[in-house]
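Examining the three-dimensional arrangement
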Amino acid sequence: MNSLGTISTKSDWDLIIQPQRAWWDLRLGELWQYRDLIRFLVWRDFVAVYKQTILGPFWYLIQPIISTLVFTLIFSGIAHLPTDGLPPFLFYMAGTTIWGYFASCLTSTSNTFTANAGIFGKVYFPRLSIPISVVISNLISFGIRLGAFLFFLFYFMLKGSDVQPNLWILLLPMLLLIMAGLGLGLGIIISSLTTKYRDLQQLVAFGVQLLMYASPVIYPLSSVPAEWRWILLANPITPVIEVFRKGFLGTSSIEPVYLLYSAGFTVVVLLMGILIFNRVESTFMDTV
């Protein structure tokens, strides 16, 4: 019965929350209806990371630069790993720039249920809004890091370094979609599983670090012996990193056609992640 004293029917409501629904009923249309919420969450995630810090957003620049300097010192200066004839600083910064976006998406979305259990238990909104907003806010920080990378790229070009940006740069949106899809898909799978198995959350940071060494971030694909190269090619992140370097620096030993494998792998992982996430979100409050 409503405030006018009449009995309300289903047609009087904009949204009916039901406890059970089919596993394939993803309700993705609700994400568009809650786009203002996603926009707010994006701003919150971006601002809250370095709130009440001295340097603030400059940390988005400092972290990749320091990481690149350490990689250059250790892997180029001490270990003497090859960089395909490219300036070591640019080689490592290119790898960390595109890799950092994937890593931040994965680690940030992997604790969606445990970190937001309080708000999930109080109000209804599409739960997928949280990890999607994280992926978008990380895209903003990636843009800042990409700007820093382009600054150093132009600097080395002015110094006469042998780097040759080319039209493969136009594939950058596709590369970001693949990295975002992989990070989101794997992240929400882990988040769904950690509602019952909390040990997985402890393994995320360690697993991401291991995956970085299994990707051509600190070494080129060309340096891997031919009999072992198939292992790296089975990693869907490998083509993304190599094509990123091919576009901005002009050197890579991989054919961009391998991106089709990465894209297909991403679609499968993302679809599995959404289905598992959709299955767990209706009962996770009983286990968190």
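It should be noted that the structure appears before, not after, this text.
Everything in this summary refers to the structure shown in the same document. (Residues numbered from 1 in each chain as written. Predicted model: local features only at pLDDT ≥ 70, side-chain atom pairs only at ≥ 80, totals over all residues. Heavy atoms only, no water.)

When its secondary structure is counted, the protein chain shows twelve helices and zero strands. For the protein chain, the proportion of its 288 residues judged to be buried stands at 44%. Excluding contacts between residues fewer than 6 apart, the proportion of contacts in the protein chain whose partners are at least 24 apart in sequence is 77%. Summed over its atoms, the accessible surface of the protein chain is roughly 15,600 Å², and 68% of this surface lies on carbon and sulfur atoms. (Helix = DSSP H or I, 4+ residues; strand = E, 2+ residues; numbered from the N terminus. Buried < 20%, exposed > 50% of the residue type's maximum accessible area, 1.4 Å probe, protein only. Contact = heavy atoms within 4.5 Å. Areas by Shrake-Rupley, 256 points an atom, 1.4 Å probe, with all protein chains shown as cover.)

So, about the nonpolar core. Judged by nonpolar contacts, the single largest core of 65 residues is most densely connected at F149, F244 and L249. The contact partners of F149, leaving out residues within four places of it in the chain, are L90, M93, A94, T97, F244, F248 and L249. (Core = buried A, V, L, I, M, F, W, Y, C linked by side-chain atoms within 4.5 Å.)

The next point concerns the packing of helix α4 (residues 88–109) against helix α11 (residues 237–249). Packing of α4 against α11 leaves a shortest axis separation of 10 Å and a crossing angle of 135°. Between α4 and α11, the angle is such that the two are oblique. Judged by the twist between their axes, the crossing of α4 over α11 is right-handed. In this structure, α4 contributes L90, F91, A94, G95, T97, I98, W99 and F102 to the contact, and α11 contributes I237, V240, I241, F244, R245 and L249. Residues of the contact of α4 with α11, tallied by class, amount to eleven nonpolar, two polar and one charged. (Axes fitted to C-alpha atoms, helices over the stretch in contact; angles between N-to-C directions. Parallel < 35°, antiparallel > 145°, perpendicular 65-115°, else oblique. Left-handed = near helix turned anticlockwise from the far one by under 90°. Nonpolar A, V, L, I, M, F, W, Y, C, P; charged D, E, K, R; others polar.)

Before going further, it helps to spend a moment on the pattern of salt bridges. By the definition in use, this model includes two salt bridges. Between D36 and R39 there is a salt bridge, with the nearest N and O atoms lying 2.5 Å from each other. In this pair, D36 and R39 are both assigned in helix α2 (residues 35–48), three residues apart and thus about one turn of the helix distant. Each member of the pair, D36 as well as R39, carries the same accessibility label: exposed. We note a salt bridge from E242 to R245, for which the minimum N-O separation is 3.8 Å. Of this pair, E242 and R245 both sit in helix α11, separated by three residues, roughly a single helical turn. Per residue, the accessibility class of E242 equals that of R245, and both read buried. (Salt bridge = Lys/Arg side-chain N within 4 Å of Asp/Glu carboxyl O.)

If you check the backbone angles, H80 has positive phi at about 60° while not being a glycine. Among the secondary structure elements, H80 is positioned in the loop between α3 (59–78) and α4. At D84, a residue that is not glycine, the phi angle is positive and equals roughly 60°. Relative to the helices and strands, D84 resides in the loop between α3 and α4.

With that out of the way, let us pick up helix α12 (residues 259–280). For α12, built from 22 residues, the straight-helix expectation of 32 Å at 1.5 Å per residue is met to within 8% by its first-to-last C-alpha distance of 31 Å. The elements touched by buried residues of α12 are α5 (112–115), α7 (129–158), α8 (172–193) and α11. (Expected span 1.5 Å × (residues − 1).)

This part covers the side chain of S191. Tracing the chain through its elements places S191 in helix α8. With sequence-adjacent residues up to four places away left out, S191 is seen in contact with T109, S110, N111, T112 and F113.

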